[in-house]
Amino acid sequence: MSDKDKQLGNNHQYHQNHEDHVNHEHHDDQEHPDGHEEHGQHENHDHAGHGGGHDHHGHGDMVADFKKRFYISLLLTVPILMLSPMIQGFLGVDWRFPFDQWILFGLSTIVFFYGGWPFLTGGISELKQKNPGMMTLIGLAIFVAYGYSSLVVFGWSGKNFFWELATLIDIMLLGHWIEMRSIMGASNALEELVKLMPNEAHRVQQNGETEDVAVSDLNTGDIVLVKPGEKIPVDGVITEGKSAIDESMLTGESMPVEKNVDEEVIGGAVNQEGSLKIEVQKTGDDTYLSQVITLVKEAQESKSKAQDLANRAAKWLFYIALASGFGTLSIWLALGYAFDVALERMVTVMVITCPHALGLAAPLVVAVSTSISARKGLLIRNRTNFEGARNLNAVVFDKTGTLTKGEFGVTDIIAAGTHTEDDVLLWAASAEQNSEHPLAEGVIHKAQEKELKLKEVSDFESMTGKGLKGTVEGKEVLVVSPAYVNERSFDYDKEQFNSLSEKGKTVVFVVVEDELMGMIALADMVRDSAKDAISELKAMNIHPIMLTGDNQKVADWVAEQVGIEEVYAEVLPHNKSDQVKEIQQKGWKVAMTGDGVNDAPALATADLGIAIGSGTDVAMETADVVLVKSNPQDVVSIMDLSKKTYRKMVQNLWWAAGYNIIAIPLAAGALAFMGILLSPAVGAILMSLSTVIVAINAKLLKA
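From a predicted model like this one, the values you see are computed outputs, not experimental measurements.

Draft legend 1. Summary view of the overall build of the protein chain. Summing up its helical and strand segments, the protein chain has 26 helices and 22 strands in all. Burial statistics for the protein chain: of 703 residues in total, 53% are counted as buried. Nonlocal contacts in the protein chain, meaning residues at least 24 apart in sequence, comprise 69% of its contacts between residues at least 6 apart. Per element, the accessible surface of the protein chain, about 30,500 Å² overall, is 54% carbon and sulfur.

Draft legend 2. Molecular detail of the UniProt feature "transmembrane region" (unreviewed entry) in the protein chain. Within this numbering scheme, the UniProt entry marks residues 70–90, 102–120, 132–155, 161–178, 316–335, 347–374, 653–676 and 682–701 as carrying the feature "transmembrane region" (unreviewed entry). Here residues 70–90 is 95% helix and 0% strand, with 25 Å between the C-alpha atoms at its ends. The span residues 316–335 shows a helical share of 95% and a strand share of 0%, and its end C-alpha atoms are spaced 28 Å apart.

Draft legend 3. Just helix α25 (residues 634–668), in detail. Relative to the 51 Å expected for 35 residues at 1.5 Å per residue, α25 spans 51 Å between its end C-alpha atoms, a close match to the ideal helical length. At the exit of α25 stands Gly669, carrying a positive phi of roughly 100 degrees.

Draft legend 4. Here's a closer look at the packing of helix α4 (residues 100–115) against helix α5 (residues 117–128). Interhelical geometry of α4 versus α5 gives an angle of 50 degrees and a closest axis separation of 4 Å. Classed by the angle they form, the pair α4 and α5 counts as oblique. Facing Phe112, Phe113, Tyr114 and Gly115 of α4, the residues of α5 in contact are Trp117, Pro118, Phe119 and Leu120. Looking at the contact of α4 with α5, its residues break down into seven nonpolar, one polar and no charged.

Draft legend 5. Spatial organisation of the sheet that holds strand β5 (residues 243–246). The antiparallel open sheet is built from three strands, whose spatial order is β6-β5-β8. A strand with exactly one partner marks an edge of an open sheet, and here the two such strands are β6 (257–259) and β8 (270–271). As paired strands, β5 and β6 are joined by three bridges and run antiparallel to one another. Within β6, the position partnered with Ser243 by the bridge is Lys259.

Draft legend 6. The confidence of the model for the protein chain, seen in detail. For the protein chain, the mean per-residue pLDDT works out to 78, and 78% of the residues sit at or above 70. Here residues 1–57 is modelled with pLDDT under 50, and outside its nearest four sequence neighbours on either side it reaches 130 contacts, counting other chains as well.

Draft legend 7. Fine view of the nonpolar core. Counting residues in each nonpolar core, the largest one holds 44 residues, and the members touching the most others are Ile564 and Ile638. Taken domain by domain, this core gets at least three of its residues from each of domain 3 (296–369 + 643–700) and domain 4 (378–403 + 527–628). Beyond its immediate sequence surroundings of up to four residues, Ile638 is in contact with Leu378, Phe386, Ala389, Leu608, Ile610, Val625 and Leu627. Judged by nonpolar contacts, the second largest core, of 41 residues, contains Met135, Tyr146, Val153 and Met172.

Draft legend 8. Representation of the pattern of salt bridges in the model. Inspection of every chain in the model, using the stated rule, returns 14 salt bridges. With a shortest N-O distance of 2.6 Å, Arg96 and Asp100 are connected by a salt bridge. Note on Arg96: relative accessible area 45%, which makes it partly exposed. Its salt-bridge partner being Asp222, residue Arg203 comes within 3.3 Å of it at the nearest N-O pair. Here Arg203 is found in strand β1 (residues 200–204), whereas its partner Asp222 is found in the loop between β2 (210–214) and β3 (223–226), with 19 residues between them in sequence. For the pair shown, Arg203 and Asp222 are each scored as buried. One continuous salt-bridge network, built from bridges that share partners, spans Arg203, Glu211 and Asp222.

Draft legend 9. Examining the packing of aromatic side chains more closely. Tallied over the full model, the rule gives 15 aromatic pairs. Both rings, one in Phe113 and one in Tyr146, keep their centres 6.1 Å apart while their planes meet at 75 degrees; by these two values the pair is edge-to-face. Separated by 33 residues along the polypeptide, Phe113 in helix α4 and Tyr146 in helix α6 (residues 134–153) bring together distant segments of the chain. For the pair Tyr492 and Phe497, a centre-to-centre distance of 5.8 Å together with 80 degrees between the ring planes defines the contact as edge-to-face. Residue classification places Tyr492 among the buried positions, given a relative accessible area of 11%. Pairwise contacts between aromatic rings join Trp102, Phe105, Phe112, Phe113, Tyr146, Phe154 and Phe162 into one cluster. Positioned above the aromatic ring of Trp588, the side-chain terminus of Lys586 is 4.6 Å from the ring centre.

What counts and how
- Residues numbered from 1 in each chain as written.
- Predicted model: local features only at pLDDT ≥ 70, side-chain atom pairs only at ≥ 80, totals over all residues.
- Heavy atoms only, no water.
- Helix = DSSP H or I, 4+ residues; strand = E, 2+ residues; numbered from the N terminus.
- Buried < 20%, exposed > 50% of the residue type's maximum accessible area, 1.4 Å probe, protein only.
- Contact = heavy atoms within 4.5 Å.
- Areas by Shrake-Rupley, 256 points an atom, 1.4 Å probe, with all protein chains shown as cover.
- UniProt positions renumbered as here; feature names shortened; annotations may be inferred.
- Expected span 1.5 Å × (residues − 1).
- Axes fitted to C-alpha atoms, helices over the stretch in contact; angles between N-to-C directions.
- Parallel < 35°, antiparallel > 145°, perpendicular 65-115°, else oblique.
- Nonpolar A, V, L, I, M, F, W, Y, C, P; charged D, E, K, R; others polar.
- Pairing = 2+ DSSP bridges.
- pLDDT = per-residue confidence, 0-100.
- Core = buried A, V, L, I, M, F, W, Y, C linked by side-chain atoms within 4.5 Å.
- Domains from an automatic or database assignment.
- Salt bridge = Lys/Arg side-chain N within 4 Å of Asp/Glu carboxyl O.
- Phe/Tyr/Trp six-rings, centres within 6.5 Å; stacked < 30°, edge-to-face > 60°.
- Lys NZ or Arg CZ within 6 Å of the ring centre and 35° of its normal.

Set out below in structure tokens:
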């Protein structure tokens, strides 16, 4: 089974196994709502912390609802502004008429209850959970403004704030609408790929004719025809034809990939050249793309340390808002100012303190970075550990299946006498055609690479523990072990054999009609990207280490190939995690990259566990990040994206918090003696501006 096949199957199995775990974590999230709580309460949609993992349609309906509330409230705000005495005074006009203030009160009441309803219900819900936050602050601000203005209409001495109330609600609705659209845009980036999938497929019937059917009607085992330029409708295996496949949309790989018979293809990729017949392997939710989207959603729902920091800040700001608000009211009253002036200061403080921008600073960056990481083939399961990847000092690599492909390939061919390397390879590959042994597959693959035309084999026989034999063109051909040739006293270059063996390579001998033609050395092939990954890590001052259960000679050979100096070989599975702990005791932050069950404890112990996508379910279940493309170079991408994500979060948090730090004293009237006062409307505009800037800044995050 190829890496990609394992990857697809394992990703699906991983998702199935992970569901219960995710649901358990979400239960905890519901008790401790995260940063999305601020819009978790809209319209009483209680998905605190996204605990239930609300679906795309639910979120889409909420966006539409905010859009509708915003436009209706904005429409009603126009007559509210025109009827407000303060605005008329600004404009130097007098449009007063009998009962105009009652009309103003009626219109403002509609805006308060209709436009402000999500904030009021959200605030009540937060208070019920004894977890005041953003919605509580917004609700408090508009409640105070509406309550005081209503008293003025009913005879209280002072100025009404209905126009400030209406503009505040408008701006808040607009801010939430922009925020939610941004989140939707980022989280649904992969879902957009589904729309690019073809709706129809050319199914090949038993008589060889094709019929156009809906992709949803395809079943596993069906054969479909994909013409040049068409998109592949489902995941499958090529049964006929060869072509270059453009998978850039799915994997980010810019170069088209050459695909031949028996190789897997992914639904959504573009067939560029020849016609292909493909046997359907996976449809619907089982496809690679669907699994990736599901995993991305899970990743987005995982909690973020920076996000928790923002939530704690919002909670404290609520108490600061109350203290500042009532403190401001008391001080201004104590200084002898009228109650309406003091209340205006109080309302302004509470508006300014609404940490709306602070609340979306982290979630927006999380959404964008998760989408970027998925496009790059990095599936983030634990955001907290991913965010810590920027501080890594060392990366520990398992050897087999991580730095190497986990499959044998030919590294050396030594021909005896007058024979050529191609002669030795051709006879060996011809004899091994019917073998399923990993060594035989490596030899045959090398012959295919060299485009050697294999000869027919008959009388094939496997000799347990010794090798195999078969008849090729009437001649007996043996591909055998060193023990066999030593038993038969064949003469061969022992110095060269020992040199190959010391590097951990497996050597087989090719014998034709009792004549030794030569030997072939095979080894677990190093991934092409491994060497580049190691050099890039070194350039970043990250220390690469190899940790393997394989023997020292093999480990040293692979380490030499990729450029790793520190090697721990012949490490038992249960000791791998101890080795990671030893490295951590140096005070280092350590990432562990592996693919097998034996790597799982080390993956869990490391500060960041990275699973190769072609690995086992257990490894992926334990890891914090899964590398879909099984590319060691993606380890570098993880650290790069982690640094950029953290930098963007800090920028957003400082903008939001810094804004509040400066604005609260101004709203309270600290500079009133200089004639500098912030009205509720100006405060709301400035706060909404910070919200928009935070949203735009998050969207500027690039891979």
